[in-house]
Amino acid sequence: MACLALVGCSSDGIHARQTFFPGSTLTSWSACDKFTGTGDVVQICASNGLLPNATATTYNISFSLPNDAHVYIAVFDSHAALVKVLFDQDEPATLPGFFRQPPIPWDFTDAAGEPVHGDFRLYFKSGAFQSSSDVEVP
Amino acid sequence: MRASLLLAACLATGSFVVSCPERARAQEGAAPSDSAAIAKAMQASDQAVASALGKSHFNDPDRFELGAAMPEDYFDWLGTFGYRRRVLSDARFEHYLHTEATFGHKDYLTEGSISAVWYFRPKALWHPEWRIRPVFEGGIGGHIVVQFADLVGLGDWSSHAEAFLKSHIQAGLETDLSDRLGVGVRGRFTFPAHHPLDYAQVVLFLR
């Protein structure tokens, strides 16, 4: 009842950080079970799994590049703040019809190695190509 | 009536033993042209007084405000620019429309907002004659806030906007630096909100 006496029952702060992701458009990369492209464009895939010699499940990102290129993969939280850079280096072209091996794992931690929870958006950028995938970490 | 009796006594006795009111004597004894001059002078005097009061804090119909605010949440500082206008005055309250634009930036995040708040100021708590005046008012306001996030490493931006309808209580102090310039400090409390203190603000206002 006290809430009804006041205008606006939202508990959001006016000058607080807003929630950017996932937003109205949920993005998602397809699973890495099968290569479906022709090999002449950039392709990305990702899936949760246990990599060889790993002790915990990670979110594993792989991609195929038709040419040598610089690749940047980073994790942002729901407020669009950078959480962790997963990959930032030059990468040779992948074999046609195959994804890069091994994939790039994200162990659900931030740059300091602390576990994180909530909604996140991963960005992949290579030259003019850019793609993203939303991930919820329970 | 009493002045007329005194004047009649003065005229009847022809003396100034009785203390006669100066203005009554002047009016009674003046020629028509003098009366017009006196009336004109009095009108000019009234206008001068009204004009003097109109430029002071006794009559503060509108003002511009340039300020800085310290919000409770992510941002350290906000720059503020506001315009406030008294729109109504009834027996118990003065009503003000306060519009404000804010700008903030920290790290990767940039914010801009515009607000319009209708404030009710209880007259019982408002003392315009005081040199340092406490200000206490409540109101209802609409806010539109737009934020731009720099997606670090991508050379790209993401933006998001939200609209808020909120209740506010504002309390503070203000004083005049001159007839037209003043300074104020105040805190704005917002309901409902995660953080009870929306921001603390210092403003320089120009009438």
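Residues numbered from 1 in each chain as written. Chains lettered and ligands numbered in written order. Predicted model: local features only at pLDDT ≥ 70, side-chain atom pairs only at ≥ 80, totals over all residues.

Caption draft 1: Geometry of the overall build of chain A. Assigned secondary structure in chain A consists of zero helices and seven strands. Along chain A, from the amino end to the carboxyl end, the secondary structure elements read β-β-β-β-β-β-β. Taken over the C-alpha atoms alone, chain A extends approximately 65 × 35 × 25 Å along its principal axes. Looking at the 138 residues of chain A, the share that counts as buried comes to 31%. Here the contacts in chain A between residues at least 6 apart in sequence split such that 57% fall between residues at least 24 apart. (Helix = DSSP H or I, 4+ residues; strand = E, 2+ residues; numbered from the N terminus. Buried ≥ 20, exposed ≤ 12 C-beta atoms within 10 Å, placed from the backbone. Contact = placed C-beta atoms within 7 Å.)

Caption draft 2: Structural view of the sheet that holds strand β2 (residues 58-64) of chain A. Residues and elements named next belong to chain A. Within the open sheet, the three strands sit side by side as β1-β2-β5. Their pairing is antiparallel. One side of each edge strand has no neighbouring strand; the edge strands of this open sheet are β1 (43-49) and β5 (104-106). For this sheet, the mean inter-axis angle between neighbouring strands, taken without regard to orientation, is 25°. In terms of strand pairing, β1 meets β2 through seven bridges, oriented antiparallel. Note on β2: the bridge partner recorded for asparagine 48 is tyrosine 59. (Pairing = 2+ DSSP bridges. Axes fitted to C-alpha atoms, helices over the stretch in contact; angles between N-to-C directions.)

Caption draft 3: How the structure looks around the environment of phenylalanine 87 of chain A. Residues and elements named next belong to chain A. Tracing the backbone shows phenylalanine 87 in strand β4 (residues 82-91). Note: C-alpha distance between phenylalanine 87 and glutamine 18 (69 residues apart in sequence) is 27 Å. Beyond its immediate chain neighbours, meaning those up to four positions away, phenylalanine 87 contacts Val71, Tyr72, Ile73 and Ile104.

Caption draft 4: Inspection of the sheet that holds strand β6 (residues 118-126) of chain A at higher detail. Residue and element names in this part refer to chain A. The strand order across the open sheet built from four strands is β4-β3-β6-β7, with neighbouring strands paired in antiparallel fashion. If you trace the sheet from one side to the other, it starts and ends with β4 and β7 (129-137), each paired once. Adjacent strand axes in the sheet meet at a mean angle of 15°, parallel and antiparallel pairs treated alike. Note: strand β3 (residues 69-77) against β6, six bridges, orientation antiparallel. Considered in β6, the bridge of valine 75 is made with leucine 122.

Caption draft 5: Representation of the interface of chain B and chain A within the structure. On the chain A side, the residues contacting the 33 residues of chain B number 25 residues. If you list the elements that add at least two residues to the side of chain B that touches chain A, you get β4 (109-122), β5 (132-151), β6 (156-176), β7 (181-191) and β8 (197-206) of chain B. It is β6 of chain B that contributes the most residues to the side of chain B that touches chain A, seven residues altogether. Of the residues contributing to the side of chain B that touches chain A, the split by class is 18 nonpolar, ten polar and five charged. (Nonpolar A, V, L, I, M, F, W, Y, C, P; charged D, E, K, R; others polar.)

Caption draft 6: Structural detail: the nonpolar core. Residue and element names in this part refer to chain A. By size, the foremost hydrophobic cluster in this structure holds 29 residues, and its most contacted members are Ile44, Ile61, Phe63, Val75, Phe76 and Leu122. The element best represented in this core is β3, accounting for five residues. Sequence-distant contacts of leucine 122, that is, excluding residues within four places in its chain, are made with Ile61, Ile73, Val75, Ser132, Ser133 and Val135. (Core = buried A, V, L, I, M, F, W, Y, C linked by C-beta atoms within 7 Å.)

Caption draft 7: Summary view of the confidence of the model for chain B. All names here are of chain B. Per-residue confidence for chain B averages 82 on the pLDDT scale, and 75% of its residues sit at or above 70. Across residues 1-28 the pLDDT falls below 50, and counting only partners more than four positions away or on other chains, this stretch makes 17 contacts in the model. In the predicted assembly, ipTM is 0.85 and pTM is 0.77. (pLDDT = per-residue confidence, 0-100.)

Caption draft 8: Inspection of the pairing of strand β3 (residues 93-106) of chain B at higher detail. All names here are of chain B. Sheet topology places strand β2 (residues 78-89) next to β3; ten bridges connect them, and they run antiparallel. Residue serine 89 lies in a different strand from β3, and its bridge partner there is glutamate 94. Following β2, the chain reverses through three residues before pairing antiparallel with β3. One ladder, built from 14 bridges, connects β3 with β4; its direction is antiparallel. Counterpart to phenylalanine 103 in the pairing with β4 is glycine 112. Here β3 hands over to β4 after two residues, with aspartate 107 in that stretch at a positive phi of 50°.

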